[in-house]
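If you want the building blocks of each chain, they are given just below.
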Amino acid sequence: MAARRRSRLLAGLVGLAVLAATAVAAAPATAADAYDDMRTRWVERLTGGTGFDPAAAPFAAQVAVVDAAAQTAWDGLDLTQPEIWSDLDTATTVEDITEAYRRVSVMALAFRTHGATLEGDAALAADAVAALDWLETHRYSATTTPYGNWWHWEIGTPLELHRAMALLYDQLTATQLADSAAATAHFTPSVTLTGANRVWKALVVAGRGVLVKSSSMLSSARSGVVPALQIVTSGDGFHADDSFLQHVKYAYTGGYGLSFLQNLVDLLALLAGSAWEVTDPAVDNVYGWIENAYDPFLVDGALLDTVRGREISRATFGEHDAGKRLIQTLVTLSEIAPPAEQAWLKPLVKEWIGAAVVRDPLASGPLYVLSRGTALLADSSVIARPALVAADVYPDMARVVQHTGTYAAAVAMTSKTIASYETTNGENLKGFYTGDGALWVYTDDATQFSEDYWATMHPYRVPGTTVDTLTRAAGSGAGYLPTSSAAYAGGVESASGLFAVASYSLDAWNSPLVGRKSWYLFDDEIVALGSGISAAGQTGTGWNGAPRAVQTIVEARKLQATSQQLVVDGTARGTTTLVADTVADPGWAHLAGVSGAGELGYVFPDAAPVTFYRQTGRTGAWNQINTLVGSSATVTEDYLSMWIEHGSSPSNAGYQYIVLPESSQAQTSGYAAAPDVVILASSTTAHAVRESTLGITAATFWGAGTVSSGGSPLLTSSAVASVMVEDQPGGGYAITVSDPTSANSGTIQLELHAAAGAVVSASPGVTVTQTSPTVKITVNVAGSSGAPFRIVLG
Ligand code: CA
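Residues numbered from 1 in each chain as written. Predicted model: local features only at pLDDT ≥ 70, side-chain atom pairs only at ≥ 80, totals over all residues. Heavy atoms only, no water.

Q: What is the right way to look at the coordination of the calcium ion in this model?
A: Reference values for angles at a metal are 109.5 degrees in the four-donor tetrahedral case and 90 or 180 degrees in the six-donor octahedral case. The protein atoms that coordinate the calcium ion are D523 (OD), D524 (OD), E525 (OE), E525 (OE), D676 (OD) and E691 (OE), at distances spanning 2.2 to 2.5 Å. Each of the six donor atoms bound to the calcium ion contributes to angles spanning 53 to 169°, and the resulting shape is irregular. Each donor residue of the calcium ion belongs to the same chain, with the gaps between them written as D-D-E-x150-D-x14-E. Placement of D523 in the loop between β13 (514-521) and β14 (526-534) and of D676 in the loop between α16 (665-673) and β24 (677-682) is noted, with a sequence separation of 153 residues between them. (Donors = N, O, S within 2.8 Å, 3.2 Å for Na, K, Ca; no water. Tetrahedral: all angles 85-135°; square planar, octahedral: opposite > 155°, others 65-115°. Helix = DSSP H or I, 4+ residues; strand = E, 2+ residues; numbered from the N terminus.)

Here you go:
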């Protein structure tokens, strides 16, 4: 556990806090020097400064990249033609105007990069300045009428232009500076809009303020960003539970949220150490987001796809690429943060860099990140933080994530406020079930969800989901929000912070399918329970050619090697042949990893058939899921799937299985023979599991009801609830409860059928009615938005 992790118990209240407006400081007497200092530090962050040996590894290679990119841009520049770069159409395509300025920035970067071949090349700088003049004269000035995508006029182009201006500052005349500044002021005169766009606007205004030495611009940028730092209670932005939403109803911490964070860090860095540093108390939220919104979703350098929305369908920007960008951003933040924040950020970033096994976060990036990151790794006074071990529930984005130290897992659900999946601009056309109770298990197989996973995975077989086999058109059901009061998603994390319950009441899109699904994430197992699975009146033929039916997908794993043997109850099922077999009542299954890493065990406690399917050579193409940027090239992967058939028009069907990530075959068969868990209930009243070795009873109540053990009542709830009861080492209990419906405007009355001692601690909103002979508590969950409440009894 990180030492500084914050409790979410009062998260709902924190979200209501009103933060004081910031006073605007007057510019200091030495203002002119201050602007030059800010610009100097800005250029250092762009170029990496001079604190590295450009001839030595690992810097030489990156300096060469800077040189090569600049040379390419320079070679293509032709100021005598109607288009300054012949492959661009800056006359009618605003995206190409941004690209043209980016190329000028690339040229300017080499001009200023320590040890670059082109460093200080006067001809290069002269051409870069000439290109700026050409663009200002022909394409982007204070009198230009915009067309097309507003974002480029108001944000994309000014950011690139300001970057070029900062790098070429000493080469520009006062008139050139003023004209370019007037152009960006024409399109973005002040800080407006919300969320990431507001941060971008503040960055535009701040950058211009530095370049034209305007105290008022810097002040307005500083105060203008503050609204974007606030916690929101609905819609886009960071919520009190550290969920990040974009487009109102999508979990986007690792997509739009990452862009937001990147630009915010750029802005904080630009203003850091100046008279215009952002000092509003709301800036503290940023550090909370690092701990509570990002750290839990970063697994071995991957920023999990389950919070990246439609970006999962981009072949060249997978979860390890997003993670790399996050880590690079944090290298910068850990440099410019106040000392108290640096004290924990640097150990965190050091651990993140070391754990990123697929993409080196320092390579192929800015020299500043490479230089500062290399120094961080070499600094023996900074001890890398231990790997995160924690479970986190995000009711506002219907996500639960856990790191056990051995593996990580994430559950993605849909609720009345969080949609199943997003598709737009032809992206993510087959993410149909990625939010329908998906269980993503991250083992040492670090590229399981990378490489060509999304282009080849079976869109109807998302692990964890219970699905109608109806045929889906590309993009169908995107943005779906169930409206039934029986549709909700939430959960609760343990008092220890290590374990979690995910509770999901499914109401499927365009289908009569409903079901009650829950997951119990313990120390070395994930228990998955389903009940009330009904789909009255299914008709027609499913995607598989069989009559439409309902299936629960236990697994759909990309195979990394043909040697990955599937074994069911001790019998090998072959490694190279296509196998589709249904086992009447398997006790357990085991899928081998590669060299012992990434193996998985599955235990099936109830008597039910399971179908196993090994598909070698499953083909796809990225443009089948992303027509915007996807390639038509055929890609191929092998898969091992397993599922439970519930038949056509099932009524009150169910399932039980346990996933044992990174368990050997012997461990799996041993667990099946003597499991750590007892499944106490899996009905439409409640799901409940007792984890004996941990001393935890975890439950989801789907309404008022009682869970019994051995014929004796154990736990009673008056309403829908996610519950964890942890035996305390010295006796007594820690009880954590939440309202996964986020709609209960009253109370949850909970009775633990055991006696306890005195109250040790209790969240606001929890009332203890009695502690003996049973424990009775009343939790006022009105307005709690699924947040947890806790009471500890001696
Ligand atoms: Ca266990």
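Moving on, there is more to tell.
Q: Explain the pattern of salt bridges here, please?
A: Pairs may arise between side chains of opposite charge once their charged atoms sit close together. If you walk through the whole model with that rule in mind, you get 23 salt bridges. Measuring nitrogen to oxygen at the nearest pair gives 3.1 Å for the salt bridge that ties E422 to R310. Within this pair, whereas E422 is found in the loop between β8 (408-412) and β9 (438-442), its partner R310 is found in the loop between β5 (302-303) and α12 (319-336), the two being separated by 112 residues in sequence. For K346, the salt bridge is made with E335, and the minimal N-O distance between the two is 3.1 Å. In this pair, K346 is assigned in helix α13 (residues 339-355) and E335 in helix α12, connecting sequence segments 11 residues apart. Bridged by salt links that share partners, the residues D305, R308, R310, E311, R314, E422 and E427 form one connected network. (Salt bridge = Lys/Arg side-chain N within 4 Å of Asp/Glu carboxyl O.)

Q: Would you take a moment to explain helix α3 (residues 59-76) for this structure?
A: Because the α-helix completes a turn every 3.6 residues, residues three or four places apart line up on one side. Between its terminal C-alpha atoms α3 stretches 26 Å, which fits the 26 Å expected from 18 residues at 1.5 Å a residue. Along its buried surface, α3 packs onto α4 (94-112), α5 (122-138) and α14 (367-378). (Expected span 1.5 Å × (residues − 1). Contact = heavy atoms within 4.5 Å.)

Q: Even after reading the chapter, I still don't get the sheet that holds β9, so can you show me in this structure?
A: For sheets, the rule is that strands pair by backbone hydrogen bonds, running either parallel or antiparallel. With respect to topology, four strands assemble into an open sheet ordered β6-β7-β8-β9, the strand pairing being antiparallel. Looking at which strands have only one partner, the edges of the open sheet turn out to be β6 (390-394) and β9. Geometrically, the sheet is characterised by an average inter-axis angle of 10° between neighbouring strands, direction not taken into account. For strand β7 (residues 399-403) and β8, the ladder comprises five bridges, and the chain directions are antiparallel. Considered in β8, the bridge of R399 is made with A412. (Pairing = 2+ DSSP bridges. Axes fitted to C-alpha atoms, helices over the stretch in contact; angles between N-to-C directions.)

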